[in-house]
Amino acid sequence: MFGCMGKILRVDLSSGKMAEEEVKEGEVRKFLGCRGLGARYLFEVKKGADPLGPENKLIFMTGLLTGTGFPTAGRYDTVAKSPQTGFYGHANSAGFWGVDFKRTGFDGIIFEGISPRPVYLLVEDGRVELRGAEHLWGKGVHETTRILKEELGEKFNVACIGPAGENLVRYASILNDLNRAAGRCGMGAVMGSKRLKAVAVRGTKKVEVADPDRLKELIRETVESVSQNMLKMSLENFGTESGFDMVNAQGGMPTKNWQEGVFPSGEKINGPALADRLLVGNKGCYACPIRCARLTEVKSGPYACKTEGPEYESVGALGSMCGVDDLEAITYAHHLCNDYGMDVISTGSTIAFAMECFERGILTKEDTGGIELRFGNAEAMVQMVHRIARREGIGNLLAEGTKRMSEKLGRGTERFAMHSKGLEFAAYDPRAAKIVGLSYATSNRGGCHIDAYVQLQAFIGAPHPILPEDIRDPFFDPRSEDPILGRVVKETQDAYAAVEGLGMCKFLGGWMMTADKVAEVVQAVTGWKDFDEREFRRCGERIYNLERMFGVREGVNRSHDTLPKRLLEEPHPSGPAAGEVVHLEPMLEAYYRYRGWDQNGIPTREKLAELDLLDLPMG
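So, here's what we can say about the structure. Just so you know, these numbers come straight off a predicted model, no measurement behind them.

The rules behind these values
Residues numbered from 1 in each chain as written. Predicted model: local features only at pLDDT ≥ 70, side-chain atom pairs only at ≥ 80, totals over all residues. Heavy atoms only, no water. Salt bridge = Lys/Arg side-chain N within 4 Å of Asp/Glu carboxyl O. Buried < 20%, exposed > 50% of the residue type's maximum accessible area, 1.4 Å probe, protein only. Helix = DSSP H or I, 4+ residues; strand = E, 2+ residues; numbered from the N terminus. Pairing = 2+ DSSP bridges. Axes fitted to C-alpha atoms, helices over the stretch in contact; angles between N-to-C directions. Contact = heavy atoms within 4.5 Å.

1. Regarding the pattern of salt bridges
Two side chains of opposite charge can pair, provided their charged atoms sit close to one another.
Step number 1: The tally for this structure, following the rule as stated, stands at 63 salt bridges.
Step number 2: Taking the shortest distance from any N to any O, the salt bridge between Glu129 and Arg127 comes out at 3.2 Å.
Step number 3: With a relative accessible area of 29%, Glu129 lands in the partly exposed category.
Step number 4: Owing to a relative accessible area of 37%, Arg127 belongs among the partly exposed residues under this scheme.
Step number 5: Of the charged contacts in the structure, one is a salt bridge between Arg180 and Glu311, with a shortest N-O distance of 3.9 Å. Of this pair, Arg180 sits in strand β11 (residues 180–182) while Glu311 is found in the loop between β15 (305–308) and α11 (312–319), placing the two residues 131 residues apart along the sequence.
Step number 6: Where salt bridges share partners, they join Asp470, Arg487, Lys490, Glu491, Asp494, Glu541, Arg595, Lys607 and Glu610 into one cluster.

2. Section: the sheet that holds strand β13 (residues 279–283)
Step number 1: An order of β13-β14-β15 is seen for the three strands of this open sheet, with the pairing classed as antiparallel. A single partner strand is all that each edge strand has here, and the edge strands are β13 and β15. Mean inter-strand twist for the sheet, computed between neighbouring axes without regard to direction, equals 15°.
Step number 2: Where β13 lies against strand β14 (residues 293–298), four bridges are found, and the strand directions are antiparallel. In the sheet register, Lys283 faces β14, and the bridge partner there is Ala293.
Step number 3: Each of β14 and β15 touches helix α12 (residues 327–340); the most contacted strand, β15, lies at about 70° to it.

3. Things to note about unusual backbone geometry
Step number 1: In the segment running from Gly309 into Pro310, the intervening peptide bond is cis, with an omega of 10°.
Step number 2: Turning to its location among the elements, Pro310 is positioned in the loop between β15 and α11.
Step number 3: Look at Asp177: it is not a glycine, yet its phi comes out positive at around 50°.
Step number 4: Inspection of the secondary structure puts Asp177 in the loop between β10 (174–176) and β11.
Step number 5: Positive phi, normally seen in glycine, also occurs at Arg391, with a value near 55°.
Step number 6: The class for Arg391 is partly exposed, based on a relative accessible area of 21%.

4. A word on the sheet that holds strand β2 (residues 17–22)
Step number 1: The strand order across the open sheet formed by six strands is β2-β1-β6-β3-β4-β5, and the pairing between neighbours is mixed. A strand with exactly one partner marks an edge of an open sheet, and here the two such strands are β2 and β5 (88–93). Each adjacent strand pair in this sheet contributes to an overall mean axis angle of 15°, direction not counted.
Step number 2: Alignment of strand β3 (residues 58–62) against strand β4 (residues 76–81), held across four bridges, turns out to be antiparallel. Each bridged residue has a counterpart across the sheet, and for Thr62 the counterpart in β4 is Tyr76.
Step number 3: Docked against the sheet, helix α2 (residues 34–42) engages β1 (7–12), β2, β3, β4, β5 and β6 (108–112), running at close to 25° with respect to β4.

Written as structure tokens, this is what we have:
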């Protein structure tokens, strides 16, 4: 089977037993890999299982194109029942770990049970071994990585958790290559609950492809095309921060916990500010011609650090959402999130929520241990990062995330607890671009901005080449609530599920390639001559419906496909989007029709039959 190694590794952490099992080509063709195959195996988890208990599984899965040499195809996914939402959870990461793991001879790992002591897994060219990790427990991501490389050799690549995962912070992340994060949905907390500190890998096996010559030709064509792409040039110059000014100019930059949509001192924390003041270089992930990662340094002062980032989402969550315009403090807090192993979006958003609670008198200085937890207080924001990761004082409450924090505090806080299904939103205010609100509300993993990467059209006004041709161009006003947006969101979610299933970066696979060209790459890798654009889209739709059905099995319905009342009922107070709210229901009705789901948001039996999903144990 070309493009795959053909094996999955199962690790029972409770007993220490390990076993290999075959990956069937039919399953790969249906689900592609990464989040697709991960979701397929997640149905083995018992309905109603505790996400932090022994019955949950933690799945690491590579994609069909991972390690083939195709540009950006180095990604992997972690999949589990989310401790943050209680529903389907996944987090995707890049760097080089996914390729290094796949070259050991496995396509994925399924961790089950809970280890009686801290352990890490060593995988080297098919050899697997569980080793004690007591000496690593309590250490940050960077120190853990350094120690394991000293013990095992520099050629080993490490994916690990930090103290946040050990302390079961519900939005803890898994880090690889030091600063590449599988960030969302609390996958690091699942890893910590299993007392699994790290997975260290080294592989030399080759990922075989069906038509190497054709693949080389497609690689050359793609690299040449990308080199002329304006988006690539922008990312190369300013990284993901290149979008900050465009979003801010349209009133879409969440400010002070989404009370406002324009951050007035944006010039202090935008892409040019980062490039002028802190940038020391850039880097790319495996086979990446885009190289959007920023290498930065704060040379002196209380926030001195050498790090990678911050990204757009870091600046939005730790900056504008918290009212903080100190770029050095934001960079340091981002660095801490990586070393502690915490999702920077949920961290910053939860701190911003706590700041509004403090300013409203719902939290007091007695609650915060004397900290003036006010918007704009950079020092307080940084202190909260420490306290959350360690679950110290007020940090123990914030470590539960915005939804649970609001449920405990009450007093009307649910109106401004900014999440969907328990997952905090990324830095795009839907009152400035209504389609973003629909994408947040219908994401399988909660308030996610990349399940449907509609920001390209909504805020940047650029064509979206991965979409069907008739909805590819930015034909809609960002304020529009036209029902056709239901189809745009549906098609974008499907396309990106397939791109991610293949193990590609969405910047390339979604923003710079058409679906028929991606299908050509799959043909060259696998030898599936009949794999065309139609099947690419069908695979994506199958993956998205599969994920939805896991959520449905755990209780998801229409009532969960919603937004906070702040977005639905409180008009934007000022700026270009002044007076706007999101009228979600008409768009949601249209979305369900385009999906072939019933009006409670449940995929119909006819839709499941069409996608060949009726044989799954839906529970």
